[in-house]
Amino acid sequence: MRKIYVTILTLISIFTATIIAQDTPAVSDETQECIDCHESLTPGIYADWLASRHSKMTVGEALTLPEQERRISVSDTKGLNDSTAIGCYECHSLNAENHKDNFEHFGYDINVVVSPNDCSTCHPVEVEQYLPSKKGNAHFNLKNNPVYTLLVNTLVPADEPGSAHSVAQDQSCFACHGTEVKVEGMKTIDTDLGELEVPILSNWPNQGVGRINPDGSKGACTSCHPRHSFSIEVARKPHTCGQCHLEPDVPAYNVFLESKHGNIYKSESHTYNWTDVPWQPGEDFRAPSCATCHNSALADADGEITVERTHDFGSRLWLRIFGLPYSHAQPKEGETFNITNADGLPLPVTFDNKPAAAFLISEETQKERKDLMGSVCISCHSTSWTEAQFGNLEKISAAADKSVLEATGIMSEIWNKKIEDNTNPFDEEAELLWVKHWLFYANSIRYATAMMGPDYAAFKNGWWSAKNNLVKMHSILKYKSK
Amino acid sequence: MRKIYVTILTLISIFTATIIAQDTPAVSDETQECIDCHESLTPGIYADWLASRHSKMTVGEALTLPEQERRISVSDTKGLNDSTAIGCYECHSLNAENHKDNFEHFGYDINVVVSPNDCSTCHPVEVEQYLPSKKGNAHFNLKNNPVYTLLVNTLVPADEPGSAHSVAQDQSCFACHGTEVKVEGMKTIDTDLGELEVPILSNWPNQGVGRINPDGSKGACTSCHPRHSFSIEVARKPHTCGQCHLEPDVPAYNVFLESKHGNIYKSESHTYNWTDVPWQPGEDFRAPSCATCHNSALADADGEITVERTHDFGSRLWLRIFGLPYSHAQPKEGETFNITNADGLPLPVTFDNKPAAAFLISEETQKERKDLMGSVCISCHSTSWTEAQFGNLEKISAAADKSVLEATGIMSEIWNKKIEDNTNPFDEEAELLWVKHWLFYANSIRYATAMMGPDYAAFKNGWWSAKNNLVKMHSILKYKSK
Amino acid sequence: MRKIYVTILTLISIFTATIIAQDTPAVSDETQECIDCHESLTPGIYADWLASRHSKMTVGEALTLPEQERRISVSDTKGLNDSTAIGCYECHSLNAENHKDNFEHFGYDINVVVSPNDCSTCHPVEVEQYLPSKKGNAHFNLKNNPVYTLLVNTLVPADEPGSAHSVAQDQSCFACHGTEVKVEGMKTIDTDLGELEVPILSNWPNQGVGRINPDGSKGACTSCHPRHSFSIEVARKPHTCGQCHLEPDVPAYNVFLESKHGNIYKSESHTYNWTDVPWQPGEDFRAPSCATCHNSALADADGEITVERTHDFGSRLWLRIFGLPYSHAQPKEGETFNITNADGLPLPVTFDNKPAAAFLISEETQKERKDLMGSVCISCHSTSWTEAQFGNLEKISAAADKSVLEATGIMSEIWNKKIEDNTNPFDEEAELLWVKHWLFYANSIRYATAMMGPDYAAFKNGWWSAKNNLVKMHSILKYKSK
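Residues numbered from 1 in each chain as written. Chains lettered and ligands numbered in written order. Predicted model: local features only at pLDDT ≥ 70, side-chain atom pairs only at ≥ 80, totals over all residues. Heavy atoms only, no water.

Novice: If you had to explain the relation of the copies chain B and chain A to someone new, which residues and values would you point to?
Specialist: Superposition of the two copies of the chain requires a rotation about an axis and a shift along the axis. With an RMSD of 0.0 Å, chain B superimposes on chain A once it is rotated by 120° and translated 0.0 Å along the axis. Both copies of the chain, as the preceding transformation shows, are related through a three-fold rotation axis. Across chain B, the smallest distance between a C-alpha and the rotation axis is recorded for His-270 of chain B, namely 5.2 Å. (Least-squares fit on C-alpha atoms with pLDDT ≥ 70 in both.)

Rendered as C-alpha cells:
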C-alpha cells in the first residue's frame, strides 16, 4: 500500500519538475562555454542567474505576454538573438567597442561591468526614465556641486592633501552615490585555470546608483536589482531601498519599519505575491512597500493599470522633504548641480528660505504629482484620509523649516560675532550642530510624518534632538563670545 | 500518463478550495452594497476584511466554539444579527447617535471612525480591561499632567505662541498617545462617483492607543489590530508593540530584538502557529513574543488555561521600570495624572526617590503579579532561573535609580548655584542631560535586563551613556559657575 | 468522488508522518522519567528538544553518515549509550564529579549547567577549536586585562566601593563576555511537585561566550546554539551573532543588515536550505550570512569541502579591525590579556600605533588567512573583485588608524597641559571623546567597508562622527586651557 503512495508522490514530483523544465529555453553556445567553467568556479552567481527570469525566457517569449505584464520595454526582437535565454555572454559582450573594461577571456571579448547602456538593449524605457533622474545623476550631484564637495572633503579625508578623492570617500559618500570606475591598466592574476590578464579597475567594487562606468555611461541597475538574479522580489522589498535611505540623514527605511505599513509588512509579507506584474493592491499585497508608492505599476481588480511604472523615483513626489537646508518643491531636472539660488549658491533654497523657483517644479506640476501619489493611497484609504495625511505632511514640513530658520539665525549670529568662521561652514562646533539641524533632525521630523513612523519626530532625531541642538547653539553663542 | 496526475492535482485543489469556501457566511444586504463599490474603489481594505475572521464567521458560529477558544466575549447573540458575517455596515453603522462623525453616504448613515465603544458590542471584556489601563488613558496621561505637558510644549513647538496644541505635537507625542479627533464641519469632495459631502476631522488620521474619538469614547483598537484584517497574527508579533515601544525612551522592542528570545523569534517564527487560541507554549511557539508574556491567554498541553488573556497590558507587571524619574511599583490606576507625590508633583516618586505609595500597588499585589508573570516564564525556564532573573531586574533597577539620584544631585547643585533656572526644568543644557539620564539611559539599563538585550545596558544608551552624561553635567557645574 | 481524494490526502499525510516517525529513536529510561514531568511542566523546552537533532538520532546513527555530513566529531560510540536518543539525562548527568551545581533531583544526580566540557563528549573537535579562541577566553580577556577592567569599573558601578564586581557589570559587559557562575549554597523552593532543594547560582542566568561554569570549564555553547533545540538554522542565521556584535563598538550585525548581502538575506533567506551539511553556495544559499564567511564548512557542486568548518571564529581573519586603539594583525593566541606592547601595556598596539608584533600573527599567516577567506568570496565574486575588496579594507583601516592617531595627538596635548588627568584615562570629557573615536567611529568605518554597509562609514558613527569628535576635542583644548 505504501508503495503506491510513494509512487504517486514521486510521479507528482517528476511531473512538476517536467513542467518547470519545459519552461527553460536553451542557452547560446557562448554562454554554455561560460557555464561550463563558472557553474563550478562561481556557483553562487550561476545559481542566481538560474533563479532569474533571464535564464527562463527568450526575448521573443517575453514579447508574447500582454504589454503590461512584460518586464522588457522593446517592442520587437530586432537585433536580438531570440532562440536562447539571456545568459552570461548575451550581457557581458554587449557594446564591446565602448567598454574600456573589455578583455580577452579564453577566446571571448568580455566586459567586466555591465552598464545601464547595455541593459537598455532590452529595457530602454526604464533606462530612459532613470538616467535623467536625481538617482541617475547621484555621482555628479555630489561631485559637481562645490558646496557638497566641500562638505565631503571636510568630513572624509582625501588620500593626499589637496586631492579631491580618496578610498575613504568612495567607501562612504560615493558607495551610495556611485564612484567613477576607471580602467587603470591590466594585471596578471593566478586562477585555477592558469594565469589570466584582467583589467585593473579603480574605485571598485561599487554599486552606487549614479556610478560612472568604464563604457562612459552613468548608473548601476545592480544597485536595486542585485546580480545575477535581478529579482523583482528583492527590488520590491523595502530592504533594497534600505541599503542607502537610512537615518540619520534620510531615514525613509527606518521610519517605514516603525510605521503601521512596516508593521504589517514585517508580519504578513510572506503571504504577498511579490512577482506579479502589474501589481494589484489587495490581490497581491496589502500594506505597501517602498516600491508600491514610489515606482511600481499598479493595477485594479480587472488588471487595468491605475498607476504607471516609473524608474524616475522622484516623479510621484511634489515636495522634497530632504531639506537643503529647507524643504522645497522637487527640482525640475535630476542634475541638481545646475541649480542656483538667489544667493548665487548651488542650493534649491537660500539660507532665509527663498526657493530657487526657476529650477523647481510649478504648483501645477506639484498638484499633478500629489494626485498621482493619492491614486496609490486610495487603494486602502479614503480621499479624506489621504488629503488629511498630505496636509499634515505639508504643515510638518513648514514647522521643521521654521525650526531650521531659527537654527540658521543663531548660526548667522555666531558667524557675525566671529565666534566661528564661515569660510568653511562645515568645520566648527556650532556649524556641525547647524548641519545636524537641517540634515538630520528636520529631515527626520518630515520623514516621520511622510511615512508615519512617529518616533522619528519625537525622541529619535526629532523634536527632542532639535531642541537640544538649539540649546547647545545658544550656549556656544553665550559662553564663547568675547 | 501525465494527464492523470494533472487531474489528481486539479481535483485536490478544487476540493481544498471547496472546504475553504464552505466556511464563509453570507454578508448583509447593506454590507453587500458597500462591497459593490469598495471592492474596486478600495481593494486593499476589502482584501484585508476578506482575510479577516470577521468575513468568515457569524457571531452565532463563534459562540459554538468552546469559550476559551473564542475571540468574542459576549455570551449570546442578543441584539446582533446572526445570519451574516461581520461586514462593513455592521461596524460602521453602530451607535450612530453618539457619532459626531456620522454622515449620509449614498443612502446610509455611516460613522467614519469605529471606536472601542463600537467594538465592545462583541468584545466587551477586552474593552473593559483596556479602558481603565494606562494605555486607555494615554492621551489624558500626557494632556492632564502639567509636568508632562510642559515637557511636550518645551520640546515640540505649538502652532501659535500660547497655544497648547499643534500638528507637530499630534505627529510626534500624540501619534502614539492618541490625538483628540474632532468633527470641525463638513466638506465636499470629488470622487469617481460624483461629489460627496464628508465630515472634516481634525487631528486625523491617528491610531494612537489613547485616542479621543468623535463619539466621545477613548482608545483605538486599531493601534494593535490594524484595520480591516484585525489579524491576531499581527497583534501577537512584536512589530505591533514596536510601533511605539522604541528606543531611546522605551526600548522594549529594540531590546527584545537583540535578546535570545528575539534571536529565536527572528530565526524560527515562520514555524510557529500564530493564530491558535489559547496559545500553547511548545506546541504553538517556542520563544515568546511581547504578547506571550504581557497579554495572551496561554494553555498547557491539555489545553487548560494557565494564564488568562488580558487587555490591561500592565496587569502582569509589578515594577514600573519606566522611571519617572525613578523605577517604582506599578500605579494602582491607569489614570496616572491623578498621582501626587510628597512634593505635590503629579509624579510617582519624588526627586529624592520617595514613592507616592498611596497611588502605587501594594507589596502583596506586586508579589501576586510577579507570580503571574513567573507562571509564563516556567514554560521554558526553571523556577530558580526565573527567580534569579527577577532578582537581577530588581537589583539593576535599584542600580539605575542610584545613578539617576547622582544626576539629580548634580542638577540640584546647578539650580542652586543659578547656573540654570528651574522655572522650566526642561529647557537648558544640563537640564536636558538630566532628562536623558532618567528617560533614556536608566530606562535602557532596566529594559536591557528585563528582556535580556545586554547591549542596551553597555554601550548603547546604557552605562556608557550614563557615565558620559555625569561627566558632562559635572563639566557644566565646574566651567559655567561664576 | 471527494471521498477518494480525502482518502488520498489522508494516506499521504499518514505515510509522511510514518517516515518521520520511523526516524525517531527511543529515549533512555532516565530521560523518559524527566519527560514524564517536564513535558507538561516546561513544555517549551521539551518542544525545543523534540525539534532538535538530539531527539531524532543516536550517536551510532550519526556515525553512519559520511564524515563531512556529521555534526559530531567523535569517531566511535565508545563509552556512549548508542541505543537511545540524546535526551535530558544524557547531557545533564555528565561528569557529575566536576559539577558543583550537581544536585539530587527526584532520585537522579543532575547538573544545572551543561558545559562545553560536557558537550565535548560528542563534539570534541568543536570544543577544542573554541576554547583557545578569543571567544572562549572572553571572560578572562576582560577580567585579567587591567586596562579593560579599569574601563569596566569606571563605566559600570560596582556593587560596593572597592568591589571589582557587580550585578550591573554582569548584566552589561559580562552578559556577552560571560560571567563566572558559582554555586553559593542550596535553597528550598516550592514547586508543583512539592519542596525541592536546588543550588543557588550566582551571576546567573548567563549565556556569555566566555562564561566560567560551575564545573570549572570555560564557554557556553548555548550562546549560539540556544537550548534545547541547538538548531543549526538559528546558529547560521545572522541574528545569533547579532546578540552581541552590535553598534556602536562592534557593528558587524548592523553593517551586514544594511549591506547588499543583508538585503538579499532579508529578501530571500526563506528560500535557502539552512540545515544542509556541508553547505553549498548556490545550491543551498546565495548571499552569505555571518556563518558562511566566518565558520561554516562549505562544499562545491560535487559536495567536496572547499573550506573547513571552524569554531575559532577569528581563524579566517588576518586583520583585526576592532581597534585597540588601532587595527592590527590578529593575535596569535586567544588569551589576549597576555599581550604586552612596547609601552608595557596589555594592548596589541602602542598609542603611537606600534604593533606588539611578537604577539600577533606573521605576514605569512596573514596571507594564508586572506587566501582562505578569499576562497569563500570566489563562490560569487571574481578574483579581481575579491582582491580589490580586501585592498579597500586595508586602505580604509589605515585611514581610520590615521584619524585615531590625530585624536590621540589631541588627547596627549590635553593630558600634557593638565586639562585632564590621565591617571584614569576613561573618566573625563575629552577622554570619553577619545574612547569614542577608536572604539565607536574608527571601528564603524572599518566594519562598513569589511561588510559593505557604507552608511556606517558616512553619517552613522562614521567619518561624520569622527569629524565632530575632533572638533569637540579641539574645542576642549582651546577653551579649557588656562
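Novice: Explain the nonpolar core to me, and be specific about the residues and the numbers.
Specialist: Residues Trp-434 of chain A together with Trp-434 of chain B are the most contacted members of the largest nonpolar core, which totals 222 residues. Non-local contacts of Trp-434 of chain A, meaning those with residues more than four positions away in its chain, are made with Phe-351, Ala-407, Thr-408, Met-411, Trp-415, Pro-425, Phe-426 and Met-473 of chain A. By size, the runner-up hydrophobic cluster in this structure holds eight residues, among which are Ile-72, Val-74, Ile-86 and Cys-91 of chain C. (Core = buried A, V, L, I, M, F, W, Y, C linked by side-chain atoms within 4.5 Å. Buried < 20%, exposed > 50% of the residue type's maximum accessible area, 1.4 Å probe, protein only. Contact = heavy atoms within 4.5 Å.)

Novice: Describe helix 3 (residues 43-51) of chain C, with residues and values.
Specialist: Residue and element names in this part refer to chain C. Counting buried residues in helix 3 gives seven out of nine residues, a clear majority hidden from the surface. Of the positions making up helix 3, those classed as buried are Pro-43, Gly-44, Ile-45, Tyr-46, Ala-47, Asp-48 and Trp-49. Residues of helix 3 that are buried make contact with helix 2 (29-41). (Helix = DSSP H or I, 4+ residues; strand = E, 2+ residues; numbered from the N terminus.)

Novice: Which residues make up the state of the cysteines, and what values go with them?
Specialist: For the structure shown, the criterion picks out three disulfides over all chains. Two residues share a disulfide in this structure: Cys-176 of chain B and Cys-244 of chain B, whose sulfurs sit 2.3 Å from each other. An S-S torsion of about -100° defines the bridge between Cys-176 of chain B and Cys-244 of chain B as left-handed. In this pair, Cys-176 of chain B is assigned in helix 11 (residues 173-177) and Cys-244 of chain B in the loop between helix 13 (238-241) and helix 14 (252-258), connecting sequence segments 68 residues apart. Overall, the relative accessible area of 27% leaves Cys-244 of chain B in the partly exposed class. Cys-34 of chain A supplies the cysteine sulfur nearest to Cys-37 of chain A, a cysteine that is in no disulfide, at a spacing of 8.7 Å. Lacking any disulfide linkage, Cys-377 of chain A is separated from the closest cysteine sulfur, that of Cys-293 of chain A, by 6.2 Å. Cys-377 of chain A sits in the buried class, given a relative accessible area of 19%. (Disulfide = S-S within 2.5 Å.)

Novice: An account of the pattern of salt bridges is needed here, citing residue identities and associated values.
Specialist: In this structure the tally under the stated criterion is 36 salt bridges over all chains. The shortest N-O distance in the salt bridge between Glu-233 of chain B and Lys-237 of chain B comes to 2.8 Å. Lys-237 of chain B shares its class with Glu-233 of chain B; the two are buried. With a shortest N-O distance of 3.9 Å, Arg-309 of chain C and Glu-126 of chain C are connected by a salt bridge. Placement of the pair is Arg-309 of chain C in the loop between strand 6 (305-307) and strand 7 (319-320) and Glu-126 of chain C in helix 7 (residues 124-130), with a sequence separation of 183 residues. (Salt bridge = Lys/Arg side-chain N within 4 Å of Asp/Glu carboxyl O.)

Novice: With reference to specific residues and values, describe the packing of helix 20 (residues 463-479) of chain B against helix 19 (residues 429-450) of chain C.
Specialist: Helix-helix packing is described using two parameters, namely the angle between the two axes and the distance between the axes. The geometry of helix 20 of chain B relative to helix 19 of chain C is characterised by a closest axis approach of 9 Å and an angle of 150° between their N-to-C directions. Considering their axes alone, helix 20 of chain B and helix 19 of chain C lie roughly antiparallel with respect to each other. Remark: the crossing between helix 20 of chain B and helix 19 of chain C carries left-handed chirality. Of helix 19 of chain C, the residues touching helix 20 of chain B (which contributes Trp-464, Asn-468, Val-471, Lys-472 and Ser-475 of chain B) are Glu-429, Leu-432, Val-435, Lys-436 and Phe-440 of chain C. Residues of the contact of helix 20 of chain B with helix 19 of chain C, tallied by class, amount to five nonpolar, two polar and three charged. (Axes fitted to C-alpha atoms, helices over the stretch in contact; angles between N-to-C directions. Parallel < 35°, antiparallel > 145°, perpendicular 65-115°, else oblique. Left-handed = near helix turned anticlockwise from the far one by under 90°. Nonpolar A, V, L, I, M, F, W, Y, C, P; charged D, E, K, R; others polar.)

Novice: Could you give me a rundown of helix 2 (residues 29-41) of chain B, with the residues and numbers involved?
Specialist: All names here are of chain B. For helix 2, which comprises 13 residues, the first-to-last C-alpha distance of 19 Å matches the rise-based estimate of 18 Å (1.5 Å per residue) to within 8%. Along its length, helix 2 reaches its greatest deviation from straightness, about 35°, at Ile-35. Lining the buried residues of helix 2 we find helix 3 (43-51) and helix 5 (88-92). (Expected span 1.5 Å × (residues − 1). Bend = angle between axes of the 7 residues up to and from the residue.)

Novice: How would you sum up the environment of Ala-301 of chain B? Please name residues and give values.
Specialist: All names here are of chain B. Tracing the chain through its elements places Ala-301 in the loop between strand 5 (298-299) and strand 6 (305-307). Since its relative accessible area comes to 52%, Ala-301 is described here as exposed. For Ala-301 and Ile-212, which are 89 residues apart along the polypeptide, the C-alpha to C-alpha distance reads 41 Å.

Novice: Any chance you could break down a nonpolar patch on the surface for me, citing the residues and the numbers?
Specialist: A cluster of nonpolar side chains, Leu-41, Phe-106 and Leu-193 of chain A, forms an exposed patch at the surface whose accessible area comes to about 260 Å². Looking at where Leu-41 of chain A falls in the secondary structure, it is placed in helix 2 (residues 29-41). (Patch = residues over 30% accessible without salt bridge, like charges linked within 9 Å, V, L, I, M, F, W, Y side chains within 5 Å. Areas by Shrake-Rupley, 256 points an atom, 1.4 Å probe, with all protein chains shown as cover.)

Novice: Residues and numbers for unusual backbone geometry, please.
Specialist: Leaving glycine aside, a negative phi is the common case for residues, and trans is the common case for peptide bonds. Along the chain, Glu-247 of chain A connects to Pro-248 of chain A via a cis peptide bond; the corresponding omega equals 5°. Within the fold, Pro-248 of chain A resides in the loop between helix 13 (238-241) and helix 14 (252-258). Between Trp-204 of chain B and Pro-205 of chain B the backbone carries a cis peptide bond, its omega angle lying at -5°. Locating Pro-205 of chain B in the fold gives a position in the loop between strand 4 (194-202) and helix 12 (232-236). The phi torsion at Asn-95 of chain A lies on the positive side, around 50°, for a residue other than glycine. Relative to the elements of secondary structure, Asn-95 of chain A occurs in the loop between helix 5 (88-92) and strand 1 (102-105). Positive phi values are uncommon outside glycine, yet Asn-461 of chain C reaches one of about 65°.

Everything listed here is a matter of coordinates, which is why it stays silent on function.
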